[in-house]
Amino acid sequence: DQQVKQNSPSLSVQEGRISILNCDYTNSMFDYFLWYKKYPAEGPTFLISISSIKDKNEDGRFTVFLNKSAKHLSLHIVPSQPGDSAVYFCAASRQFTGNQFYFGTGTSLTVIP
Amino acid sequence: DVKVTQSSRYLVKRTGEKVFLECVQDMDHENMFWYRQDPGLGLRLIYFSYDVKMKEKGDIPEGYSVSREKKERFSLILESASTNQTSMYLCASSFRTMGQPQHFGDGTRLSIL
């Protein structure tokens, strides 16, 4: 059973606009969340994380929002750039179990120049 | 910079063969992980290890085994390869400290004929 879901397989956005990628989870015990970015023929690279004690974390053009009551997190990219075109995975874990993460199925983002 | 190196980028094997996938990390990470990535299914955890000679089953361990004889090296073994094990295999490592992201290798594209 998929505990972390990304319901949009793909997303297209114009360069300079905002990209919003969404992720839902079912396990209320998850308390640490990450986003990864993956280019073709490369491994995923860590992008940004958020702990459940926060509802927002920002790093440059990337902001992650966490809504614990809705079990929903989102990644905002502003402004979007062509180099942001990649597959984005969200992941969740229960920290006391160490670093075992559950991954979503990914959203393929295309930023159109 | 963290370096996770997987021994092969592409591998072609035959049904019934015993297959070894090797992974080495250079950051003295305690945790190491093996995932497979399939279209529409995201990253699924096969096995992980918290320490030398320790291993834990992930979500899809059937048909696989692992070996961790040294801290920096984690091997995935397909005991008798089958066509449904054709996939992208990703190795990752992290510190044991809670809230640490995993760092991934570039993956091995394995085809079983």
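Report on the accompanying structure. (Residues numbered from 1 in each chain as written. Chains lettered and ligands numbered in written order. Predicted model: local features only at pLDDT ≥ 70, side-chain atom pairs only at ≥ 80, totals over all residues. Heavy atoms only, no water.)

The next thing to look at is the interface of chain B and chain A. Contacts between the two partners involve 26 residues from chain B and, on the opposite side, 22 residues from chain A. In this assembly, chain B packs against chain A so that about 1800 Å² is buried in total across both faces, 55% of it on carbon and sulfur atoms. Joining chain B to chain A, the criterion identifies 0 salt bridges. Where chain B meets chain A, there are 3 residue pairs in polar contact (both at pLDDT 80 or more). (Contact = heavy atoms within 4.5 Å. Buried area = accessible area lost by both parts, 1.4 Å probe. Salt bridge = Lys/Arg side-chain N within 4 Å of Asp/Glu carboxyl O. Polar contact = N/O pair within 3.5 Å; in protein donor to acceptor, adjacent residues only side chain to side chain.)

Residue and element names in this part refer to chain B. Pairing is antiparallel across the open sheet formed by 4 strands, whose spatial order is 1-3-8-7. A strand with exactly one partner marks an edge of an open sheet, and here the two such strands are strand 1 (4-6) and strand 7 (64-70). Strand-to-strand, the axes of this sheet are offset by a mean angle of 20°, without reference to chain direction. Strand direction decides the pairing type here: strand 3 (residues 19-25) and strand 8 (residues 73-78), joined by 6 bridges, are antiparallel. Bridge pairing in strand 8 links Glu22 to Ser75. (Pairing = 2+ DSSP bridges. Helix = DSSP H or I, 4+ residues; strand = E, 2+ residues; numbered from the N terminus. Axes fitted to C-alpha atoms, helices over the stretch in contact; angles between N-to-C directions.)

Looking now at the packing of aromatic side chains. Scanning the model with the defined rule gives 14 aromatic pairs over all chains in all. For the pair Tyr36 of chain A and Phe103 of chain A, a centre-to-centre distance of 5.7 Å together with 45° between the ring planes defines the contact as tilted. Here Phe103 of chain A lies in strand 10 (residues 102-103) and Tyr36 of chain A lies in strand 4 (residues 32-38), a separation of 67 residues in the sequence. The class for Phe103 of chain A is buried, based on a relative accessible area of 4%. Summarising the aromatic geometry, the rings of Tyr35 of chain B and Phe104 of chain B are spaced 5.6 Å apart at their centres and angled 40° between planes, so their arrangement reads as tilted. Placement of Tyr35 of chain B in strand 4 (residues 31-38) and of Phe104 of chain B in strand 10 (residues 103-104) is noted, with a sequence separation of 69 residues between them. With respect to burial, Tyr35 of chain B and Phe104 of chain B carry one shared label: buried. (Phe/Tyr/Trp six-rings, centres within 6.5 Å; stacked < 30°, edge-to-face > 60°. Buried < 20%, exposed > 50% of the residue type's maximum accessible area, 1.4 Å probe, protein only.)

The next subject is unusual backbone geometry. Cis geometry marks the peptide bond from Val78 of chain A to Pro79 of chain A; its omega dihedral reads -15°. One non-glycine residue, Lys71 of chain A, adopts positive backbone phi at about 50°. By the element assignment, Lys71 of chain A lies in the loop between strand 7 (62-67) and strand 8 (72-77). Its relative accessible area of 26% is what places Lys71 of chain A among the partly exposed residues. The phi dihedral of Lys53 of chain B is positive, around 65°, even though this residue is not glycine. With respect to the secondary-structure elements, Lys53 of chain B resides in the loop between strand 5 (42-49) and strand 6 (56-57).

Residue and element names in this part refer to chain B. Of note, Arg68 is situated in strand 7. Buried and unpaired, Arg68 has no salt bridge, with Asp51 as the nearest side chain of opposite charge at 5.8 Å. Only 2.7 Å separates the side chain of Arg68 from the backbone oxygen of Glu30, close enough to count as a polar contact. Other than its neighbours up to four places away in sequence, Arg68 contacts Gln25, His29, Glu30, Asn31, Met32, Ser49, Tyr50, Asp51, Val52, Lys53, Arg73 and Phe74. (Lys, Arg positive; Asp, Glu negative; His and termini not counted.)

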